[in-house]
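Take a look at the letters that make up each chain.
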Amino acid sequence: MPCVKAYRMTFPRISTSDYAMKANAIGSSLSAFTVCFFVKLKDPDTPSSALTVYSYAASASPSGNGIYVCLSSPNIAINIGTPKQIDEIKTNSKIEDDQWHHVCVTWENSKGEWQLYMDGQLKENGTGMMKDHHNPSGGTVVFGQDQDSVGGGFETGDAFGPGELTEVNLWGKVLSASDISAQHANCTITQASLVHWWDQFKGGVHGEVQVEEP
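Conventions used here
- Residues numbered from 1 in each chain as written.
- Predicted model: local features only at pLDDT ≥ 70, side-chain atom pairs only at ≥ 80, totals over all residues.
- Heavy atoms only, no water.
- Phe/Tyr/Trp six-rings, centres within 6.5 Å; stacked < 30°, edge-to-face > 60°.
- Helix = DSSP H or I, 4+ residues; strand = E, 2+ residues; numbered from the N terminus.
- Buried < 20%, exposed > 50% of the residue type's maximum accessible area, 1.4 Å probe, protein only.
- Contact = heavy atoms within 4.5 Å.
- Pairing = 2+ DSSP bridges.

Some words on the packing of aromatic side chains
Piece 1. The full count for this structure, using the stated rule, is seven aromatic pairs.
Piece 2. Plain terms: the ring middles of Tyr-19 and Phe-154 are 5.0 Å apart, the flat faces sit at 65° to each other, and that makes the pair edge-to-face. In this pair, Tyr-19 sits in strand β2 (residues 19-22) while Phe-154 sits in the loop between β11 (140-143) and β12 (163-171), placing the two residues 135 residues apart along the sequence. Side by side, Tyr-19 and Phe-154 carry an identical accessibility label, which is buried.
Piece 3. Ring geometry for Phe-143 versus Trp-198: centroids 5.9 Å apart, planes at 25°, classification stacked. Of the two residues, Phe-143 sits in strand β11 while Trp-198 sits in the loop between β13 (194-196) and β14 (205-206), which places them 55 residues apart along the sequence.
Piece 4. Assessed through its relative accessible area of 0%, Phe-143 is described here as buried.
Piece 5. According to the relative accessible area criterion, Trp-198 is buried, its value standing at 2%.

Next up, the structure:
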C-alpha cells in the first residue's frame, strides 16, 4: 500500500451516485498542469465502464470537461478542453492487475506537450495537444465520474469502480521526472504549485464511497 499515512477512498461499485467533488477547485487558469494519483482496481480484467478517475469541468469548457483522465477506454485516455470524442488521447498503456499503481499526466500549452507516467516511469508522450489553450478557472473537480455538465451529467458507463484511490493531487506546472519518481517511491508530495490536494476532498464524498483512514 503506497502513501501509508494518507487516507484512501474505496469505491465499492460502478454507480453514478459514487464520487468525490470539490467546487471552485482551480483559482486561476492553467497553461500547464500535472495530475497524479494512486489507484487500485478490484477487477481490472473485466472493466464494465471507462473507469474515470479525474474530471475537471468549468462553464467555459466544451461538453463539461476541461481535464479528463480515465483508465479503460479501453486503455488510459486523456482529454483536455474539448468533447472527449474529438481530441482524446488514447494511450497504449493500461492497468492489468489488482495491485496499487501510481499514474501521472502532465501537459503544457506552448507545444501542447503531454506525458503519461506509470509507477514513476515515463510511458508515453506527445505534442500538439491543445496548443496555446488555457484551462479556465472556477470549475469543479470530480473523482470517479465524467462530467458532461459542471458537477453533473454522470453516466454509468464512465464511472469508476470497484477500486480505491489515494493522493489525487493537481499542480499548476509540469512536475519533473525526479518529482514524479519520488512521489511513486515514497509518497513525497511536492508542495510547490499545488492547486488542489488530497485532504481537501475527504469531506466531499457521495454515495457509497468510503473514507478509509490509514
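A word on the side chain of Gln-183
Piece 1. Note on placement: Gln-183 falls in helix α2 (residues 177-186).
Piece 2. Here Gln-183 falls in the buried class, since its relative accessible area comes to 0%.
Piece 3. Those residues in contact with Gln-183 that sit more than four places away from it in its chain are Cys-36, Phe-38, His-102, Cys-104, Trp-171, Leu-175, Thr-188 and Ile-189.

What to know about the environment of Ser-59
Piece 1. Secondary-structure assignment places Ser-59 in the loop between β4 (52-57) and β5 (65-70).
Piece 2. The exposure class assigned to Ser-59 is exposed, which follows from its relative accessible area of 76%.
Piece 3. Through-space distance from the C-alpha of Ser-59 to that of Val-150 is 6.5 Å; in sequence the pair is 91 residues apart.

Re the pairing of strand β8 (residues 100-108)
Piece 1. Across the nine residues of β8, nine count as buried, placing the element largely inside the fold.
Piece 2. Along β8, one buried face is formed by Trp-100, His-102, Cys-104, Thr-106 and Glu-108 and the opposite face, lined by His-101, Val-103, Val-105 and Trp-107, is buried too.
Piece 3. Pairing between strand β3 (residues 32-41) and β8: nine bridges, direction antiparallel. When the bridges of β8 are listed, Cys-36 appears paired with Cys-104.
Piece 4. Here β8 folds back onto strand β9 (residues 113-118) in antiparallel fashion, the turn holding four residues, of which Gly-112 has a positive phi close to 65°.

Details of the sheet that holds β4
Piece 1. The antiparallel open sheet is built from seven strands, whose spatial order is β7-β6-β5-β4-β11-β2-β14. Pairing within the sheet leaves two strands with one partner each, and these edge strands are β7 (89-90) and β14.
Piece 2. Relative to strand β6 (residues 77-80), β5 runs antiparallel, the two sharing four bridges. When the bridges of β6 are listed, Val-69 appears paired with Ile-78.

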